[in-house]
Amino acid sequence: MTAETTPVATRRGVMPEPTTPDAPDRRSWFADTWTVMVRELRPVAREPFNLVFGLVQPLVFLGLFGPLLAGSLGDTGVLGPDVWQWFVPAILVMLTLFGSSTTGANLQLEMQTGAHERLLVTPLPRSSQLVGRSLKEMVPIVAQAVVIVLVMLPFGFALHGTGAVLGLLLLGVLGVGLGSLSYTLALAVRSQEWMFWAVQQTVLFPAMILSGMLLPLENGPGWMQVAARANPVAYVVDAERALFAGEVWSSTVAWGWVAALLTAAVGLAAGVRAISRSTD
Amino acid sequence: MIRTRQLTKTFEVSRTETVHAVRDLDLDIAPGELVAVLGPNGAGKTTTLRMLTTLIRPTAGSATVAGHDVTTHPAQVRRSIGYVGQGNGAGHTQRVLDELVTQGVVYGLPRRTARDRAHELADSLHLTDLARRKVSDLSGGQRRRLDVALGLVHAPRLLFLDEPSTGLDPHSRANLWEHILRLRREHGMTLVLTTHYLDEADQMAERVVVVDHGRIIADDTADALKRDLAGDRVHAEVPPGPQAAADASRLAEVVGRLPGAREVQVEGHTVQARVTDGPAGVVELVRAATAGGLDLARVQAVQPTLDDVFLELTGRSLREQAVTDPLTTDPLTTQGDAPVAGKDAA
């Protein structure tokens, strides 16, 4: 089991041309990962309504929470010159947080029905099964984020081309990280569905509130600001605000990338480890 | 094709409890065989299959599948086998044809070949009309056919089927088996299946491996197992009445003289015994009784089932264990050690 979690090089090297006719020349680790990703994306493409459904929550926050925020803090200057420039990038992170953290439920369903087991017996490396699933998270997140940005343009949300594109990419990276953590959780609790949701909910709300997504943490108590410093989502929220304000490169942006990439690295490593042990 | 030596799997259920799911299993399966692994729930059938298909690692012992060691070369094993698990292999949010094509691609077929192969299989398993359907919209029987199709996409030399027909109605079961057997003829596959359906093992398998408590307790063709371990029986009754008891004991003597007669039992006005050949024994019995002026009410030749084999080997009936309700009041289960050969033959 150790051989297959190490990608390409070893698979080509250790396994020479198979001696039996039933083992066709297999593709690279990347092709396998791609296959998994495309399989995961198919239901998304076939039923785009699910994506629309995922937009309801962020739009509700924009429509109902946004005006309140503007009304209560708009004049204080804490939110900067424009409320939407402060709030919309954060809502994009919220979308990512809620969307990607639940994706483990899809794997959970496949574990319960037997599809996961079927894939484990195929020659697909465990690692590409996990990485492919996680990378897929980018697509719905970016698609939904684009819709939100477009919806908000008529309301005066200003768009800075390069910053916005980089902002979307950063969201995608965070999505991969959170998605792989969600898969890790699903694999760790196996078929105990309630356990998955219990942990997900327990982590989700603190991660959201302690990111300064909805309300600025600057006015909160000191301990909250300390706690937020350990929350990768907080760095990404700050970075998104900077990027969507047209600040393409700054230390805030850099910390956002570090946080997102670190989340992705930790998530993928934990996920690959979990899937490799998922049946023993 | 398969060779296991002292294959063992132990699960630590808790700190104090260990389950010995499979113990020292030695099993050899030659290319082209159709083997059914039969046993009650919890006998270790699925655990064995999961070890052979690289889903779990053996605790001890070794297993070679299609020429590769399952512990040291799981990736090669996976390339060489097909596996139809107990659950539904197709993703519920996926479409039928997509899953078949993806499965082909996963096994390294070029996309075009995978597509052709998917259509071919959909055709032969009557899934063509369902090709664009979502898996969650399929019926149980349709999903099972899709599971089998997924296991066959790469035309494996060796196919494992874990309880392929559980939950299917008799018609779907027959249908599925027709497909499996045809595909086996076409591809010359080796088939290993687990089942707790006695008749399935009996009719379909060329070799039956009976397991209980993680061990192989018998291994032969169904016919040989039944002949050697259970054997034919005759049941005979004299008419009820004041004479019945006396007549029954006279009948028992007649029965006792049949070729190979043993374990002659008299119960009320019925007599039963094991004989070498049931149908021939009945003829002989009727002739002898008539010659002796003995009245017969009914005579029956009873041929053994695999359940009788299991009962003979373990003292328990497989059939009782298949019943999920433990409070079932099956009159046959209350008879203790009484032979129950008749209950499957009626």
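Report follows, based on the coordinates. (Residues numbered from 1 in each chain as written. Chains lettered and ligands numbered in written order. Predicted model: local features only at pLDDT ≥ 70, side-chain atom pairs only at ≥ 80, totals over all residues. Heavy atoms only, no water.)

### Observations concerning the overall build of chain B
Counting its regular elements, chain B contains 12 helices and 14 strands. C-alpha atoms of chain B, sized along the principal axes, occupy 80 × 50 × 40 Å. Going through the 346 residues of chain B one by one, you find that 52% of them count as buried. For chain B, contacts bridging at least 24 residues in sequence account for 68% of all contacts bridging at least 6. Accessible surface computed for chain B: about 15300 Å², of which carbon and sulfur atoms make up 48%. Charged side chains in chain B number 40 positive and 46 negative. The centres of these two groups are separated by 8 Å. (Helix = DSSP H or I, 4+ residues; strand = E, 2+ residues; numbered from the N terminus. Buried < 20%, exposed > 50% of the residue type's maximum accessible area, 1.4 Å probe, protein only. Contact = heavy atoms within 4.5 Å. Areas by Shrake-Rupley, 256 points an atom, 1.4 Å probe, with all protein chains shown as cover. Lys, Arg positive; Asp, Glu negative; His and termini not counted. Charge placed at Lys NZ, Arg CZ, Asp CG, Glu CD.)

### Quick notes on the environment of valine 142 of chain A
Its location among the elements puts valine 142 of chain A in helix α9 (residues 138-152). Residue classification places valine 142 of chain A among the partly exposed residues on the basis of a relative accessible area of 25%.

### So, the interface of chain B and chain A
Across the boundary between the two partners, chain B contributes 39 residues, which contact 32 residues of chain A. Of the roughly 3500 Å² buried between chain B and chain A on both sides combined, carbon and sulfur atoms contribute 50%. When the area that chain B buries against chain A is broken down by residue, the three leading residues are Arg78, Arg79 and Val106 of chain B, summing to 22%. Scanning the region where chain B abuts chain A turns up 5 salt bridges. Joining chain B to chain A, the criterion identifies 13 residue pairs in polar contact (both at pLDDT 80 or more). Mapped by element, the contributors of at least two residues to the side of chain B that touches chain A are α2 (74-80), β6 (81-84) and α3 (96-106) of chain B. Classifying every residue of the side of chain B that touches chain A by side-chain character gives 11 nonpolar, 17 polar and 11 charged. (Buried area = accessible area lost by both parts, 1.4 Å probe. Salt bridge = Lys/Arg side-chain N within 4 Å of Asp/Glu carboxyl O. Polar contact = N/O pair within 3.5 Å; in protein donor to acceptor, adjacent residues only side chain to side chain. Nonpolar A, V, L, I, M, F, W, Y, C, P; charged D, E, K, R; others polar.)

### Examining the sheet that holds strand β1 (residues 2-12) of chain B
Residues and elements named next belong to chain B. A sheet is described by the order of its strands in space; here 4 strands give the open sequence β2-β1-β4-β5, paired in antiparallel fashion. Unpaired on one side and paired on the other, β2 (18-29) and β5 (68-69) mark the two borders of the sheet. Pairing analysis gives 8 bridges linking β1 to β2, with the strands arranged antiparallel. Bridge pairing links arginine 3 to aspartate 28 in β2. Most of the contacts of helix α1 (residues 45-52) go to β1, to which it runs at about 115°, and overall it touches β1, β2 and β4 (60-65). (Pairing = 2+ DSSP bridges. Axes fitted to C-alpha atoms, helices over the stretch in contact; angles between N-to-C directions.)

### Thoughts on the packing of helix α5 (residues 83-101) of chain A against helix α13 (residues 232-244) of chain A
Residues and elements named next belong to chain A. The geometry of α5 relative to α13 is characterised by a closest axis approach of 8 Å and an angle of 135° between their N-to-C directions. One finds that α5 runs oblique with respect to α13. Of the two elements, α5 crosses α13, and the hand of that crossing is right-handed. Here Gln85, Trp86, Pro89, Ala90, Leu92, Val93 and Leu97 of α5 come into contact with α13, specifically with Val233, Val236, Val237, Glu240, Arg241 and Phe244. (Parallel < 35°, antiparallel > 145°, perpendicular 65-115°, else oblique. Left-handed = near helix turned anticlockwise from the far one by under 90°.)

### Looking at the packing of α5 of chain A against helix α11 (residues 193-209) of chain A
Residue and element names in this part refer to chain A. Orientation of α5 relative to α11, taken along the N-to-C sense of each, is 170°, at an axis distance of 11 Å. In terms of orientation, α5 and α11 fall into the roughly antiparallel class. Here α5 contributes Met94, Leu97, Phe98 and Ser101 to the contact with α11, which in turn contributes Phe196, Gln200, Leu204, Phe205, Ala207 and Met208. Considered class by class, the residues forming the contact of α5 with α11 number 8 nonpolar, 2 polar and no charged.

### A closer look at the pairing of strand β12 (residues 262-267) of chain B
All names here are of chain B. Taken together, the 4 bridges between β12 and strand β13 (residues 270-275) define a ladder with antiparallel strand orientation. In the sheet register, valine 266 faces β13, and the bridge partner there is valine 271. Counting the residues between successive antiparallel strands, the hairpin from β12 to β13 contains 2 residues, one of them, glycine 268, with a positive phi of roughly 60°.

### Structural notes on the packing of aromatic side chains
Tallying each qualifying case throughout the model produces 8 aromatic pairs over all chains. Note on tryptophan 29 of chain A and phenylalanine 30 of chain A: the rings are 5.1 Å apart at their centroids and 85° apart in plane angle, and the pair reads as edge-to-face. Take tryptophan 29 of chain A: its relative accessible area is 12%, and that puts it in the buried class. Ring centres of tryptophan 86 of chain A and phenylalanine 87 of chain A lie 6.4 Å apart, and the angle between their planes is 10°; on these two criteria the pair is classed as stacked. For tryptophan 86 of chain A, a relative accessible area of 9% gives the class buried. The rings of Phe61, Phe65, Trp86 and Phe87 of chain A are connected pair by pair, giving a single aromatic cluster. When the ring centre of tryptophan 86 of chain A is taken as reference, the NZ or CZ atom of arginine 241 of chain A above it lies at 3.7 Å. The ring of tyrosine 197 of chain B carries arginine 173 of chain B above its face, with NZ or CZ at 3.8 Å from the centroid. (Phe/Tyr/Trp six-rings, centres within 6.5 Å; stacked < 30°, edge-to-face > 60°. Lys NZ or Arg CZ within 6 Å of the ring centre and 35° of its normal.)

### Some details on the side chain of histidine 154 of chain B
Structurally, histidine 154 of chain B can be placed in the loop between α5 (140-152) and β7 (158-162). There is a polar contact of 2.8 Å between the side chain of histidine 154 of chain B and the backbone oxygen of isoleucine 81 of chain B.

### A short note on helix α8 (residues 222-230) of chain B
All names here are of chain B. All buried positions along α8 are accounted for by Ala222, Ala224, Leu225, Lys226 and Ala230. Each element contacted by the buried residues of α8 is listed here: α7 (198-204), β9 (207-212), β10 (215-220), β11 (232-237), β13 and α11 (306-314). Glycine 231 sits one or two residues past α8 and shows a positive phi near 85°.

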